Amino acid sequence: NLALRLLPLALYGDGHAYGVPLTGSGTEASIESITRDDLTEFQGTWLRPDNARLFIVGDTSMDEVVPLLERAFRGWAAPDAALPSKNVADVELSDIPRVILIDKPDSPQSLILAGHTVPGLGTERDLALDAMNDVLGGNFNARINMNLREDKGWAYGARTILQAASGPRPFLVYAPVQTDRTGDSLAELIRELETIKTSRQITDEEMARVIAGSTRELPGQFETAGAVLGSLITSARYGRPLDYAARLTESFEALRLQDLQSAA
């Protein structure tokens, strides 16, 4: 939690919508300061019809749904104030690596949390970034976990994470490791991050494995109405066509090795 609180501010700085703790829990001071007026102001600012979109999935039709919606939302009008926007601008990252150390004496393990940013979702590079991440650290068989867990035995699990966001989204390395191997683990992580770009580039076999995994799990991801609803919301949020999920197998299989390597 300590690292998840500090990293976003280090990546994004003050005033950025993403420069807030990834814990989502706030601070004791911020929670105690919330008043009823704060809540009503938030409601008036953001929960308004010109900032809303309604999605419905189920055994129904527009003829059935529209009269119900018109009755339920009749009289809900947008306020006079213009709809505000949030700062999700690109951020300039330093070329010089930075290490922040939080000392916790007698800890049985260390947490290594590293961060960078990648382009927000909604571009043609989304799937290449996902596939590259699955090779590097995005699943159990990825390089980083095979190194620190299976080969070295220094971690129960280590991974890389691509957070979902419309602006510059966090690319994270997350590795809880045994304390006396903290420095060694950090060196191995740096090596993995560097060699995937240079001396140990992604192989055809690795690409085939992650694409097969990504496509074969698709049927199970859309078995329920809730899953379909989530897909529609995600597609709308990131400017994708609403049938984006139906095209995923074709899109994954169209990827080429150079796409993944470019993402790396």
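Located above this text is the structure these notes cover.
A quick note: this is a predicted structure, and the numbers were derived from the prediction, not measured. (Residues numbered from 1 in each chain as written. Predicted model: local features only at pLDDT ≥ 70, side-chain atom pairs only at ≥ 80, totals over all residues. Heavy atoms only, no water.)

A. Layout of the overall build of the protein chain. A tally of regular secondary structure across the protein chain gives 12 helices and 3 strands. Seen through its principal axes, the protein chain has C-alpha atoms that stretch 65 × 50 × 30 Å. The buried share of the protein chain, taken over its 264 residues, is 29%. Relative to all contacts within the protein chain whose residues are 6 or more apart in sequence, the contacts with residues 24 or more apart total 69%. For the protein chain, the exposed area adds up to about 16,900 Å²; of that, 53% sits on carbon and sulfur atoms. (Helix = DSSP H or I, 4+ residues; strand = E, 2+ residues; numbered from the N terminus. Buried < 20%, exposed > 50% of the residue type's maximum accessible area, 1.4 Å probe, protein only. Contact = heavy atoms within 4.5 Å. Areas by Shrake-Rupley, 256 points an atom, 1.4 Å probe, with all protein chains shown as cover.)

B. Structural detail: the sheet that holds strand β1 (residues 109–118). What the 3 strands build is an open sheet, ordered β1-β3-β2; its pairing is antiparallel. A single partner strand is all that each edge strand has here, and the edge strands are β1 and β2 (159–162). Direction aside, the axes of adjacent strands within the sheet are offset by 20° on average. Two strands pair when backbone bridges link them, and β1 and strand β3 (residues 169–178) are joined in this way by 10 bridges, in the antiparallel orientation. Paired with Ser 110 across the bridge in β3 is Val 177. Along the sheet face, helix α1 (residues 2–12) touches β1 and β3 and points at about 30° away from the line of β1. (Pairing = 2+ DSSP bridges. Axes fitted to C-alpha atoms, helices over the stretch in contact; angles between N-to-C directions.)

C. A look at the pairing of β2. Because side chains alternate across β2, one face comprises the buried residues Thr 160 and Leu 162, and the other comprises Arg 159 and Ile 161, none of which is buried. As defined by bridge partners, β2 adjoins β3 across 4 bridges and the pair is classed as antiparallel. Bridging from a neighbouring strand, Ile 161 pairs with Leu 172 of β3. If you look at the hairpin formed by β2 and β3, you'll find 6 residues sitting between the two strands.

D. Molecular detail of the packing of helix α5 (residues 126–138) against helix α8 (residues 204–216). Running from amino to carboxyl end, α5 crosses α8 at an angle of 115°, the nearest separation of the two axes being 9 Å. Classified by the interaxial angle, the pair formed by α5 and α8 is roughly perpendicular. Both α5 and α8 take part in a crossing whose hand is right-handed. Side by side, α5 and α8 meet where Ala 131, Asp 134 and Val 135 of the first sit next to Glu 206, Val 210 and Ser 214 of the second. Tallied by class, residues from the contact of α5 with α8 come to 3 nonpolar, 1 polar and 2 charged. (Parallel < 35°, antiparallel > 145°, perpendicular 65-115°, else oblique. Left-handed = near helix turned anticlockwise from the far one by under 90°. Nonpolar A, V, L, I, M, F, W, Y, C, P; charged D, E, K, R; others polar.)

E. Here's a closer look at α5. For α5, which comprises 13 residues, the first-to-last C-alpha distance of 14 Å sits more than 12% below the rise-based estimate of 18 Å (1.5 Å per residue). The element α5 is extensively covered by neighbouring structure, given that 11 of its 13 residues are classed as buried. Taken as a whole, α5 has its buried residues at Asp 126, Leu 127, Ala 128, Leu 129, Ala 131, Met 132, Asn 133, Asp 134, Val 135, Leu 136 and Gly 137. (Expected span 1.5 Å × (residues − 1).)

F. Molecular detail of the packing of helix α6 (residues 143–151) against helix α7 (residues 182–195). Between α6 and α7, whose axes approach to 10 Å, the crossing angle comes to 155°. By the criterion of interaxial angle, the relationship of α6 to α7 is roughly antiparallel. For the pair α6 and α7, the sense of crossing is right-handed. For the pair α6 and α7, the contacting residues are Arg 143, Ile 144, Asn 147 and Leu 148 in the first and Ser 185, Glu 188, Leu 189, Arg 191 and Glu 192 in the second. Of the residues assigned to the contact of α6 with α7, the class counts are 3 nonpolar, 2 polar and 4 charged.

G. Quick look at the layout of surface pockets. There is about 2,000 Å³ of room inside the largest pocket. If you go around the largest pocket, you meet 50 residues; those closest to its centre are Leu 7, Arg 98, Leu 113, Ala 114 and Gly 115. Among the elements of the structure, α1, β1, α5, β3 and α7 are those that each provide at least two residues to the lining of the largest pocket. Ranked by the residues each element gives to the lining of the largest pocket, the list is headed by β1, at 10 residues. Within the lining of the largest pocket, the residues separate by chemical class into 32 nonpolar, 10 polar and 8 charged. Taken as a whole, the second largest pocket encloses approximately 740 Å³ of empty space. As for the second largest pocket, its lining consists of 34 residues, and the residues nearest its centre are Leu 127, Asp 130, Gln 221, Leu 248 and Phe 252. Breaking the lining of the second largest pocket down by element, the ones donating at least two residues are α5, β2, α8, α9 (218–221), α10 (225–237) and α11 (248–253). Residue contributions to the lining of the second largest pocket peak at 7 residues, all from α5. Here the residues of the lining of the second largest pocket are counted per class, giving 14 nonpolar, 13 polar and 7 charged. (1 Å grid on protein atoms, 1.4 Å probe; cavity = no way out; pocket = protein on both sides within 12 Å on 5 of 7 lines; lining within 4 Å. Points joined across faces, edges and corners; volume = space filled by probe spheres on them.)

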